[in-house]
Number of protein chains: 2
Amino acid sequence: MDKTLIFGHKNPDTDTICSALAYADLKNKLGFDAEPARLGSVSKETQFALDYFSVDAPQFIEKVDEDVKNVILVDHNEFQQSVENIKDVRITEVIDHHRISNFETKEPLYFRAEPVGCTATILNKMYKENGVAVTKDIAGLLLSAIISDSLLLKSPTCTKVDVEAAYELAEIAGVNLETYGFEMLQAGADLSDKSVLDLITMDAKEFSMGDAKVEIAQVNAIDTKKIYQFQTDLETEIAQIIKDKNLDLFLFVVTDILNNDSEVLALGEAKDNVNKAFNVTLDDNNRALLKGVVSRKKQIVTNLTEEFTK
Amino acid sequence: MDKTLIFGHKNPDTDTICSALAYADLKNKLGFDAEPARLGSVSKETQFALDYFSVDAPQFIEKVDEDVKNVILVDHNEFQQSVENIKDVRITEVIDHHRISNFETKEPLYFRAEPVGCTATILNKMYKENGVAVTKDIAGLLLSAIISDSLLLKSPTCTKVDVEAAYELAEIAGVNLETYGFEMLQAGADLSDKSVLDLITMDAKEFSMGDAKVEIAQVNAIDTKKIYQFQTDLETEIAQIIKDKNLDLFLFVVTDILNNDSEVLALGEAKDNVNKAFNVTLDDNNRALLKGVVSRKKQIVTNLTEEFTK
């Protein structure tokens, strides 16, 4: 049988890594030859979850090998967020919870996107639909993904279905949702060993908005001030990325996981669109506090896209 | 509650009309305010099904009214096949069985595409998943859609799931699948009152293939020769469409529903791609017989796209 490779987006977050692992597990249990993979390094947050539930990280791939016939995308569909040679492979399935954009296939496929907070929530449903029991380690991974994407169920992207799945999975995984969740987020918010370049690339995604190219990087932090101590260095590195990728806007989002706000730094010719999109005024340092904004997908991409396509 | 409009593609076929009707029925039974609509006139084949099961055709719309907040697309996703102002509306769901192309949203949505022969097959599943019984008239519509899209279960697009759904629905609808199916296809293949322009527009779809614009029109017929009696007129009308829409290729596909072959007429600057895609040679009349080819989606669009994107 042809091997199928399952992977999430570049700069993988916990949902992307855990969903690839879980969906490969489900596919294998259903008799398919599937292997999980990742397109980047594992974050501290994700590593905490993998260690806690004793699961190995998926293999790192730079591109899809020629002998791989089919791929399944989880947690993303926009080609610029996917593997380099995505246009040369046959995509047989997509399981996702994002907007759909810059995605196309020659042939019909199984495409399942649901407006829930996390890909893992959809996978939890799919285990049930297929009558396959979720084991303790997989429950731990799916739970970690939900906690990560929903910032411990506090993000506006989090739906009733995510909350129900989280409590159900916490029980199978044998952990207390709040205690485990906060420990995991804290592990991810430890940025002490990160370089300035790490901060702006570790969870960066590129988007097409109208005719504009926009990159949005996000980090979770306990103390946002600590990060902006390095503002001059941040700006230098971001300016270089804008130049290299010919971006119209780079938005660096530092999310305060205790207060659930984000302090953003906006650079690029289209930075004024940040003011209009969020009804704020960037200060002299090109920064603004976005009160109550924690979700890149629901609160940032949506508002910015609207502004860029006006 | 906000009203949701549900519709299929332009130049509606039986799957598009019946799926819009059925999904609106399911949504209403689940407590949502949904209304079916159509983007073009009802074909004889579809009218036969509607008459047989005493169901009214959905309302015709030219564009989505401003007071409609949400729309659901069935049986298509490519914007050029949809309503004129598709980019101005909020798409909350898509239920489809085609390739995905030229589709994008600002926000996450429920997108369900499955590689089956017919949208109605997916809807039949969704009735079950939601614990809603399919009534006799809806069963008749869903069955008609499957028969139409699968040419009475003979098309290569037809899967095991479609076949099972068809027999199940025939029982609920209280008809013999083969007898009813052949009568319905025959009604559709009666082209006696069609003008030449009707023939090339009644089931035409436009596709982007690489940088090329391709339109493919298909009609079912009992006797393909009868249609090509009017070849000169067909060519004149097609040439005008190519000019108006700036097409690279117009492919007119006459499908013989008794022998399950198609005789095609290819016009436009890129007509040589038809030879390469199907390993045939267009004759002096720009025509070729494609043996065993009945499915636009699986046998024609796939091969042509490959040729155009080489």
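Here is a short report on the structure shown in this document. Keep in mind it's a predicted model, so treat the numbers as computed, not measured.

1. A short note on the relation of the copies chain A and chain B
Here is step 1: Once chain A is rotated about the relating axis by 180° and shifted along it by 0.0 Å, it coincides with chain B to within an RMSD of 0.0 Å. Taken together, the rotation and translation relating the two chain copies correspond to the operation of a two-fold axis. Of the C-alpha atoms belonging to chain A, the one lying closest to the rotation axis is found on A:R112, 2.5 Å away.

2. Quick word on the nonpolar core
Generally speaking, a soluble globular protein has its nonpolar side chains buried in company with each other.
Residue and element names in this part refer to chain B.
Here is step 1: Core analysis: the largest hydrophobic core is formed by 52 residues, its most contacted members being Y23, L142 and L143.
Here is step 2: Listing elements by their share of this core, those giving two or more residues are α1 (14-29), α2 (44-52), β4 (70-74), α3 (119-129), α4 (136-150), α5 (160-173) and α6 (177-189).
Here is step 3: Setting aside anything within four residues of it in sequence, one finds L142 in contact with A22, A120, L123, N124, Y127, V134 and L169.

3. Thoughts on the pattern of salt bridges
Here is step 1: For the coordinates displayed, the defined rule picks out 36 salt bridges over all chains.
Here is step 2: For A:K291, the salt bridge is made with A:D261, and the minimal N-O distance between the two is 3.5 Å. On the criterion of sequence distance, the pair formed by A:K291 in the loop between β11 (287-290) and α11 (296-308) and A:D261 in strand β10 (residues 261-267) is long-range, its members being 30 residues apart.
Here is step 3: According to the relative accessible area criterion, A:K291 is exposed, its value standing at 61%.
Here is step 4: Note that B:K3 is salt-bridged to B:E35, the shortest N-O span being 3.8 Å. With B:K3 in the segment before β1 (4-7) and B:E35 in strand β2 (residues 34-38), the pair connects residues that are 32 residues apart, well separated along the chain.
Here is step 5: Judged by relative accessible area, which is 28%, B:E35 ranks as partly exposed.
Here is step 6: Each of A:R112, A:E114, A:K125 and A:E129 takes part in salt bridges that share partners, so that together they form one network.

4. Observations concerning the sheet that holds strand β2 (residues 34-38) of chain A
Here is step 1: Spatial ordering of the open sheet is given by β3(A)-β2(A)-β1(A)-β4(A)-β5(A)-β6(A)-β6(B)-β5(B)-β4(B)-β1(B)-β2(B)-β3(B), a layout of 12 strands whose pairing is mixed. Either end of the sheet is taken by a strand with one partner, and the two such strands are β3 (59-60) of chain A together with β3 (59-60) of chain B.
Here is step 2: With 4 bridges connecting them, strand β1 (residues 4-7) of chain A and β2(A) associate as parallel partners. Looking at the pairing, A:L5 lines up with A:E35 of β2(A).
Here is step 3: Relative to strand β5 (residues 90-96) of chain A, helix α3 (residues 119-129) of chain A is tilted by about 105°, and along the sheet it contacts β4 (70-74), β5 and β6 (110-113) of chain A.
Here is step 4: Sitting on the sheet, α1(B) touches β1, β2, β4 and β5 (90-96) of chain B, and the angle it makes with β2(B) is about 175°.

What counts as what
Residues numbered from 1 in each chain as written. Chains lettered and ligands numbered in written order. Predicted model: local features only at pLDDT ≥ 70, side-chain atom pairs only at ≥ 80, totals over all residues. Heavy atoms only, no water. Least-squares fit on C-alpha atoms with pLDDT ≥ 70 in both. Core = buried A, V, L, I, M, F, W, Y, C linked by side-chain atoms within 4.5 Å. Buried < 20%, exposed > 50% of the residue type's maximum accessible area, 1.4 Å probe, protein only. Helix = DSSP H or I, 4+ residues; strand = E, 2+ residues; numbered from the N terminus. Contact = heavy atoms within 4.5 Å. Salt bridge = Lys/Arg side-chain N within 4 Å of Asp/Glu carboxyl O. Pairing = 2+ DSSP bridges. Axes fitted to C-alpha atoms, helices over the stretch in contact; angles between N-to-C directions.

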